[in-house]
Amino acid sequence: MRYKAVLSYFGFIFFLLLNLQSTGQIKPGDVWMDSNSEMINAHGGGILFYDGVYYWFGEHRDSGRKQFATWKGVRCYSSKDLINWENQGISLSVSEDPESEITAGCNIERPKVIYNKKTGKFVMWFHLELKGQGYSAARTGVAIADSPAGPFTFLRSFRPNAGQWPLNFKDEWKTDTLTIDDLQWWTEQWRLAVKEGLFIRRDFEEGQMARDMTLFVDDDGKAYHIHSAEENLTLHISELTDDYLDFTGRYISVEPAGHNEAPAIFKKDGWYYLITSGCTGWEPNAGRSFRSKSMLGEWEPLGNPFLGEGADVSFRSQSTFILPLNNGEYLFMADRWNPEKLRDSRYIWLPIKIEDAKPIIEWRDQWRLSE
Ligand code: GAL
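Summarised in this report is the structure supplied together with it. (Residues numbered from 1 in each chain as written. Predicted model: local features only at pLDDT ≥ 70, side-chain atom pairs only at ≥ 80, totals over all residues. Heavy atoms only, no water.)

What about the sheet that holds strand β9 (residues 153-158)?
We apply this condition: Think of it this way: DSSP has to see at least two bridges between two strands before they count as a pair. Counting from the N terminus, the helices are DSSP H or I runs at least four residues long and the strands are E runs at least two residues long. Between N-to-C directions, angles span 0 to 180 degrees; the directions come from axes that are lines fitted to C-alpha atoms, helices contributing only their stretch in contact.
If you trace the four strands from one edge of the open sheet to the other, you get β6-β7-β8-β9, paired in antiparallel fashion. Of all the strands in the sheet, just β6 (107-116) and β9 have a single pairing partner and so form its edges. Pairs of neighbouring strands in the sheet enclose a mean axial angle of 20 degrees, with direction left out of account. Direction of pairing for strand β8 (residues 139-145) relative to β9: antiparallel, over a ladder of five bridges. If you follow Gly141 over to β9, its bridge partner there is Ser157.

Structural notes on the pairing of strand β19 (residues 318-324)
The condition is simple: Buried, partly exposed and exposed residues are distinguished by accessible area as a fraction of the type maximum, computed with a 1.4 Å probe on protein chains only: under 20%, between the cut-offs, and over 50%, respectively.
By the criterion of burial, β19 is predominantly enclosed, with six of the seven residues buried. Relative to strand β20 (residues 330-336), β19 runs antiparallel, the two sharing six bridges. By the bridge assignment, Ile322 is partnered in β20 with Phe332. In textbook terms, the turn of a hairpin is the stretch between consecutive antiparallel strands, and for β19 and β20 this stretch comprises five residues, one of which, Gly328, has a positive phi near 90 degrees.

Comments concerning the sheet that holds strand β4 (residues 73-79)
Strands sit in the order β2-β3-β4-β5 across an open sheet of four strands; the sheet is antiparallel. Sheet topology places β2 (43-50) and β5 (86-93) at the edges, where each strand pairs with a single neighbour. The mean angle between the axes of side-by-side strands here comes to 25 degrees, regardless of whether they run parallel or antiparallel. Taken together, the six bridges between strand β3 (residues 53-59) and β4 define a ladder with antiparallel strand orientation. By the bridge assignment, Glu59 is partnered in β4 with Val74.

By themselves, these are just geometric observations and shouldn't be taken as functional.
So, in structure tokens, the structure goes:
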């Protein structure tokens, strides 16, 4: 009897030590709980740091057949240490009104929130697909709030940059009469035509497609909307107006026909770095990286930023956001999608560093933020 009691006593001490050791650690791919011991449900998200608090916004996913649409909205969690998260509820709710662009059953993906110092407002942008239309609407949506966790008020959704040519678009491409019907998809001739504006011309009047997206606020306060356009073939980087509520019409196309999704961006030592994925839906693929001296400048491809075993599938994840930390480090955030059970898609957070002028991401089973 005594022997058993001693054993269970040591077992208990061991369990305690294990748990103590794991506190304060980020464990990519584990089940992450909020302060109510409920699974964190904030996918394809991003983080806003405001007044000493981190606000994590993401897609709230339901279970079963409902999981592929949005029935609640964008969920928000808050934290002071990026480890312990408190549920702040739904910060942008879908509408009960069947006429609303964000009526329940629409699809809100990859929401991101930024703070506008001039207006004192919090601005949320997201990828919106209209109810019952699959992924064909390809719109961007915008919402506004007075406080960081919301509630956000939906303003409108649209296809951006209607009637505007990219800044890096040649004059002769504007009048080219070649259309999609003239070409066979995925041929060299077709690829060249995409580079020379095939889809930009097609979508010129209506506005450019906007699917996977992120936001970036530069040191000078200018904000940019980065999104997959042209049937997900090309990324567009667009400047937002001073109030962050609209597009100025100044934009560039990046890697035409390069098939980039899931953009995430950060700035370090005067360089802008962009991480993306390829286009394989919920399935992971090899990540890509780029750098540029200016947001609307030339982006140089730098290859796969993931290193080591599993790099070919980005450690089974897809990028969503990069958060600069106060200690000069950067937190790379990605989703390990589980299309069988989307709400149980896991979070892959890892340090991202620059080595030999390239961003690199290495796997860690668990790691600690240094501050
Ligand atoms: C991914 C995209 C996700 C989601 C998914 C749907 O490529 O990054 O945000 O849209 O496709 O299949």
